[in-house]
Amino acid sequence: MEPNIFVNLYNSLPYTMRWSAKTKDELVAEIQRLHYERDGLPVSDAQPIFEVRQTVDQLNLVGLTIERDGTLSYANPYTYRVTAWQPDDIIGKNFFDTFIPPTDRARLEIEFDDALAKGGFPEQKEITLLARSGALRNVQLNSVIINDIDGHVSSFTVIGEDVTNKRRVASALSNTNAQLQDLVDNTSDLIQLLTLDGKFIFVNRAWREALGYNSEEISALNLIDVLHPDYATSTLGLLKRIQEGDKLPYVETVFRSKAGKTLFLSGSVNCRFDNGRPTAFRCILHDTTGKIRAEKSQKLYYSIANWTINTPNLGELYHKIHEELGNIIDARNFFIALYDSTKTFLSFPYYVDEYFGSNMRFTKRKLGNGIIEYTILANKPLFLYERDIRQLEAYHNIDLYGQRQPQVMLTAPLRIGDEITGIIGVKSYDDAQTYGPRDLELLEFISGQVALAIARKQSEARLDKQNARLNAIFDSSTYLIWSVNKALQLTSFNKNYARLIEYQVNETPRFDPVHLNSAGA
């Protein structure tokens, strides 16, 4: 009789049975050794071959012996426990009809025939067995022992691990992990896991979308690469404190996206410790850019009203608006154009453009068919890329005045009531992604206040000019002009009046009750 062959044993077997491919004699010797370890019985060469089934009976593994024609001739106690079958239900019955679900029977019969012909399964095999209740049990086949007589297969014994509970746990964990991953990827918060030296271990979808980096780029990034330069030192200092054990309830920082946009972030950061040693930073950050932007926009809105009162002239007002707007959006190229429907020209009281250099300032030009006039006729804010500007030139005969055109330009009408009094605008020559829809909303938000502020300052300027003219007439008049209040106190006088008082009483008149009374006498 040729030796029986034991194949496809894997290191997953419990009970210290770490078998590889062995002959039957080797397998029996291994079983004898285990039997000796368990019962303390000595092993003798004179002993008959130990019955494999007796050892299989002791294993917490599924053990089945199947005859060549598919009849089940043996099942170990563990198999009965996990499937709830009774011996009378299965012994002598066809294994495939009893244990294998109908959908798998034909396929498994072919696979088992092929395995017998080849001496075993080429790789670890998992099959599904039917329990008595109809429930399915997942069994990982660890070994197939082929019993042959005179070179012919008489039966084979399969030994496998019931992994049903493991599969359920794995499935539950997989579902839980999937749910957690779904939660992490669909939250609006930016989640990142960092090494102590700032390398990114993990970032979620919101982080990638907000910063604009793909997974491959992130693997080469360091935290310092995304920190805004003005906030890098302070942020790294906070991380150092957290690493040393400080518990900070609230952390604020500022990132800069791949496109160069500033992101204001706040949230929680803590350090993971393994065996008392810091290993990584866990960060959950909320994007507060919109909130801070709204606060700055509101501040700018009210500041414009205050500047109307506190700034000495229009030039100072324009500068303040430009300076404060630059704290919210890119305002390196900023202009204010004023329009009066009764006049034939546009004036540019404030025009800062990096293309023209610091010494170049527009003052006015004749009304024509330029972008400013187009915005006035459109009577709405405009978001224009360079291609849009070129199309306006081609299809609407817009005059570009031979200037270099920006990559992107935002314009918003200055309006008082239904009357457009001018245009406010910003532009960028080097990056079409500099502005977004919210930037145009900001311009529109402040445009009304800017228009009112300019109108008031213009009125003040006209009033000051009128007062200056009246004062000149008042002082240069040949008449004696003075005024008093109800208490007969002197409130104003011209030069002729002063000269007369000096001549008559040899005293210069003053805004003083004593002198007023003497002068009146």
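### Structural notes on a nonpolar patch on the surface
In step 1: The grouping of Leu480, Trp482, Val484 and Leu488 at the surface amounts to a nonpolar patch, some 400 Å² of accessible area in total.
In step 2: By the secondary structure assignment, Trp482 is in strand β19 (residues 482-484).
In step 3: Judged by relative accessible area, Trp482 falls into the partly exposed class, the value being 46%.

### Quick notes on the packing of helix α13 (residues 314-325) against helix α16 (residues 437-476)
In step 1: Put simply, α13 and α16 touch, their axes get as near as 10 Å, and they point 165° apart. Accordingly, the angle class assigned to the pair α13 and α16 is roughly antiparallel. Relative to α16, α13 is oriented so that their crossing is right-handed. Contact residues: α13 offers Leu314, Leu317, Tyr318, Ile321 and Leu325, while α16 offers Leu442, Leu443, Ile446, Val450, Ala453, Ile454, Lys457 and Gln458.

### Concerning the packing of aromatic side chains
In step 1: Taken as a whole, this structure holds 16 aromatic pairs when the rule is applied.
In step 2: These aromatic residues form a ring-pair network of at least three members: Trp85, Phe95, Phe96, Phe99, Phe112 and Phe156.

### Focus: the sheet that holds strand β9 (residues 200-203)
In step 1: The antiparallel open sheet is built from 5 strands, whose spatial order is β9-β8-β12-β11-β10. The sheet is open, and its two edges are formed by β9 and β10 (251-256), each paired on a single side. Strand-to-strand, the axes of this sheet are offset by a mean angle of 30°, without reference to chain direction.
In step 2: Looking at chain direction, strand β8 (residues 190-195) and strand β12 (residues 277-287) are connected through 6 bridges and run antiparallel. Residue pairing for β12: Leu193 is matched across the bridge by Arg282.
In step 3: On top of the sheet, helix α11 (residues 232-243) reaches β10, β11 (262-274) and β12; it is set at about 25° to β11, its chief contact.
In step 4: Relative to β11, helix α12 (residues 289-310) is tilted by about 140°, and along the sheet it contacts β11 and β12.

### Things to note about the sheet that holds strand β16 (residues 382-385)
In step 1: Pairing is antiparallel in the open sheet, where 6 strands are placed in the order β15-β14-β13-β18-β17-β16. The open sheet terminates on both sides in strands that have one partner only, identified here as β15 (364-366) and β16. Between one strand axis and the next, the sheet turns by 20° as a mean value, whatever way the strands run.
In step 2: Where strand β13 (residues 334-339) and strand β14 (residues 345-352) come together, 5 bridges link them in antiparallel fashion. In the sheet register, Phe334 faces β14, and the bridge partner there is Val352.
In step 3: Packing against the sheet, helix α15 (residues 386-396) makes contact with β16 and β17 (408-416), and its axis sits at approximately 95° to β16.

### A closer look at the packing of α12 against α13
Relative placement of two packed helices is described by the angle separating their axes and the distance separating the axes.
In step 1: Where α12 contacts α13, the two axes come as close as 10 Å, and the packing angle between them is 165°. On the basis of their axis angle, the class for α12 and α13 is roughly antiparallel. The handedness of the crossing between α12 and α13 is right-handed. Together, Lys299, Leu300, Ile304, Trp307 and Thr308 of α12 and Leu317, Lys320, Ile321, Glu324 and Leu325 of α13 make up the contact between the two elements.
In step 2: Taken together, the residues that form the contact of α12 with α13 break down as 6 nonpolar, 1 polar and 3 charged.

### Overview of α16
In step 1: Here α16 contains 40 residues, and its C-alpha end-to-end distance of 58 Å stays within 8% of the 58 Å for a straight helix at 1.5 Å per residue.
In step 2: At Ser447, α16 shows its strongest bend, of approximately 35°.
In step 3: The set of residues buried in α16 consists of Asp439, Leu440, Leu442, Leu443, Ile446, Ser447, Gln449, Val450, Ala451, Ala453, Ile454 and Lys457.
In step 4: Lining the buried residues of α16 we find α12, α13, β13, β16, β17 and β18 (419-428).

### Notes on the confidence of the model for the chain
In step 1: Summarising the model, the chain shows a mean pLDDT of 81, and 84% of its residues fall at 70 or more.
In step 2: Averaged pLDDT values for the elements of the chain fall to 34 in strand β1 (residues 5-7) and rise to 95 in helix α10 (residues 223-226).
In step 3: For residues 1-25, every residue scores under 50 in pLDDT, and the model assigns this stretch 62 contacts once sequence neighbours within four places are set aside.
In step 4: Here residues 514-521 scores under 50 on pLDDT; set against residues more than four positions off or in separate chains, the count is 7 contacts.

What counts, and where the lines are drawn
- Residues numbered from 1 in each chain as written.
- Predicted model: local features only at pLDDT ≥ 70, side-chain atom pairs only at ≥ 80, totals over all residues.
- Heavy atoms only, no water.
- Patch = residues over 30% accessible without salt bridge, like charges linked within 9 Å, V, L, I, M, F, W, Y side chains within 5 Å.
- Areas by Shrake-Rupley, 256 points an atom, 1.4 Å probe, with all protein chains shown as cover.
- Salt bridge = Lys/Arg side-chain N within 4 Å of Asp/Glu carboxyl O.
- Helix = DSSP H or I, 4+ residues; strand = E, 2+ residues; numbered from the N terminus.
- Buried < 20%, exposed > 50% of the residue type's maximum accessible area, 1.4 Å probe, protein only.
- Axes fitted to C-alpha atoms, helices over the stretch in contact; angles between N-to-C directions.
- Parallel < 35°, antiparallel > 145°, perpendicular 65-115°, else oblique.
- Left-handed = near helix turned anticlockwise from the far one by under 90°.
- Contact = heavy atoms within 4.5 Å.
- Phe/Tyr/Trp six-rings, centres within 6.5 Å; stacked < 30°, edge-to-face > 60°.
- Pairing = 2+ DSSP bridges.
- Nonpolar A, V, L, I, M, F, W, Y, C, P; charged D, E, K, R; others polar.
- Expected span 1.5 Å × (residues − 1).
- Bend = angle between axes of the 7 residues up to and from the residue.
- pLDDT = per-residue confidence, 0-100.

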